[in-house]
Amino acid sequence: MDMERVDQIIEKHNSEPSSLIQILLDIQSENRWLPKEALERISEKLQVPLTRIQQIATFYKAFSLVPKGRHGIHICMGTACHVRGAQRVLDTVEELTGIKPGETDADLKFSLETVNCLGCCALGPVMEIDGEIHGNMTPAETAETLKKYE
Amino acid sequence: MSEILLEIDGRQVEASPDMTVLQAAQKLGIKIPTLCHHEKLEPYGACRLCMVEVESRGSTKLVVSCVYPVENNLVVRTRSEKVDKVRKMILELLLAHAPDSRDLQRYAQEYGADKNRFEKEPSFCIHCGLCVRYCAEVKKKHAIGFIDRGTHREINFIQEIASKECWNCKECFPLCPTEALQAAYVLSGALVSSLPIFK
Ligand code: SF4
Ligand code: FES
Ligand code: FES
């Protein structure tokens, strides 16, 4: 991520120390992760210690300090999805992408996470990719769906 | 400032309104065990070892004395069956993380805490925050901070700041109730490699 863009985001929030989380969120959603240089820049501009920024960036799951894939896969492992076969969906995704939950593949194509209930249990087992819900997943459909992502 | 009158372990004490129960007790020379308290630092209330029983307006409750402000007519008991039981439990839980800490062992003896009660999960750091807060509040260097959360929380040195400041300071080491093992370890790690979380 170029630092000019980071500066723009910081300025959009008037370099307000109280907007720290908002600034981090903006960078996270644009860049998909928080590079160290960006955090140092924020620290300098907002006059907030880097220790504080790190504490926040590591506290919330919404932030990542390592590069994330272009597509974020969330497999629901909640109770309803679990009994409807979420494990098989997860196994299929792990096999096809070669990554485990919490990991990103080498081509930065996919990042995989598990979640506990996406709030649409009737559609279970549910797989969410980039915010889009794919319901009633079978292993075959899971494989089909993954193919659509570049 | 008008003085506040309260009773601690049956003795009357005058305190100023900005004092905590812990400070008022110290004024009387009454010792309350603490782990995360430091007179140069803002109250933090992390370890809960300094719990005492207070009685005000007819009811008793357990409060954390290092963050609890004094109040008129407060009746405080720094030792009671309930208080001792809580302290024993806290010590047993902390000892599972830092079994070799001398501070903890000393208190454990006093309160009859069994260091083997809970399965050991040595992490050395008991999250008292003394090192982090001392660096921020007293030295104003912010070389060390916490990362992650819950049981995964750990201290972390900022390599760039640490390599400049820490070798000549190290004032946080003796503050650590777990004998600075962790601090020393993480610091040397931070100086030779890059920050663990940025690997
Ligand atoms: S390293 Fe020691 S001083 Fe620092 S937070 Fe952990 S227990 Fe406290
Ligand atoms: S359990 Fe999966 S959506 Fe509720
Ligand atoms: S000394 Fe009061 S909570 Fe630690």
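Residues numbered from 1 in each chain as written. Chains lettered and ligands numbered in written order. Predicted model: local features only at pLDDT ≥ 70, side-chain atom pairs only at ≥ 80, totals over all residues. Heavy atoms only, no water.

### Topic: the nonpolar core
Residues and elements named next belong to chain B. Our working rule: For this analysis, a nonpolar core means a set of buried residues of the types Ala, Val, Leu, Ile, Met, Phe, Trp, Tyr and Cys, connected via side-chain atoms within 4.5 Å. Three labels apply to residues, based on accessible area from a 1.4 Å probe with only protein chains included: buried if under 20% of the type maximum, exposed if over 50%, partly exposed otherwise in between. Numbering of helices and strands starts at the N terminus; helices are DSSP runs of H or I of at least 4 residues and strands are runs of E of at least 2. By the convention used here, residues are in contact when the closest approach between their heavy atoms is within 4.5 Å.
Of all hydrophobic cores here, the largest spans 24 residues; its most connected members are L6, I8 and V76. Breaking this core down by element, the ones donating at least two residues are β1 (4-8), β2 (11-15), α1 (21-27), β3 (51-56) and β4 (59-64). Examining the composition of this core, we find that 4 residues originate from one element, α1, more than from any other. When neighbours within four sequence positions are excluded, V76 is seen to be in contact with L6, E7, I8, D9, V21, V52, E53 and V54.

### With respect to the domain arrangement of chain A
Basically, it comes down to this: Where each domain begins and ends follows an automated or database-derived domain assignment.
Its domain assignment divides chain A into domain 1 (3-59) and domain 2 (71-147). Relative to domain 2 of chain A, the C-alpha centre of domain 1 of chain A lies at a distance of 30 Å.

### A look at the side chain of A:H71
Residues and elements named next belong to chain A. To be explicit about the condition: Each polar contact in these results corresponds to two N or O atoms within 3.5 Å; when the atoms are within protein, one needs to be able to donate a hydrogen and the other to accept it, and residues that are neighboring in sequence are counted only if both atoms are side-chain atoms.
Looking at the element boundaries, H71 is found in strand β1 (residues 71-76). A distance of 2.6 Å separates the side chain of H71 from the side chain of D130, its partner in a polar contact. At a separation of 2.9 Å, a polar atom in the side chain of H71 contacts the main-chain carbonyl oxygen of E150. If near-sequence neighbours (up to four positions away) are discounted, H71 is found in contact with K109, F110, S111, I129, D130, Y149 and E150.

### Brief notes about the interface of chain A and chain B
A common way to state how big an interface is: give the accessible area lost once the parts meet. Worth spelling out the cut-off: For any pair of parts, buried area is found by adding up, for both, the accessible area (1.4 Å probe) each one loses once the two are put together. The term salt bridge refers to a side-chain nitrogen of Lys or Arg lying within 4 Å of a carboxyl oxygen of Asp or Glu.
Tallying the contact residues gives 12 residues for chain A and 15 residues for chain B. Both sides of the chain A and chain B interface together cover about 1,300 Å² of buried area, and 60% of this is carbon and sulfur. Considering only the surface of chain A that becomes buried against chain B, A:K36, A:T51 and A:Q54 emerge as the three largest contributors, covering 42% of it. Linking chain A with chain B are 1 salt bridge. A salt bridge links B:E160 to A:K36; its shortest N-O distance comes to 2.7 Å. One can count 4 residue pairs in polar contact (both at pLDDT 80 or more) joining chain A with chain B. Contributing elements (two or more residues each) for the side of chain A that touches chain B: α3 (36-46) and α4 (50-59) of chain A. Top element by residues in the side of chain A that touches chain B is α4(A). It accounts for 6 residues.

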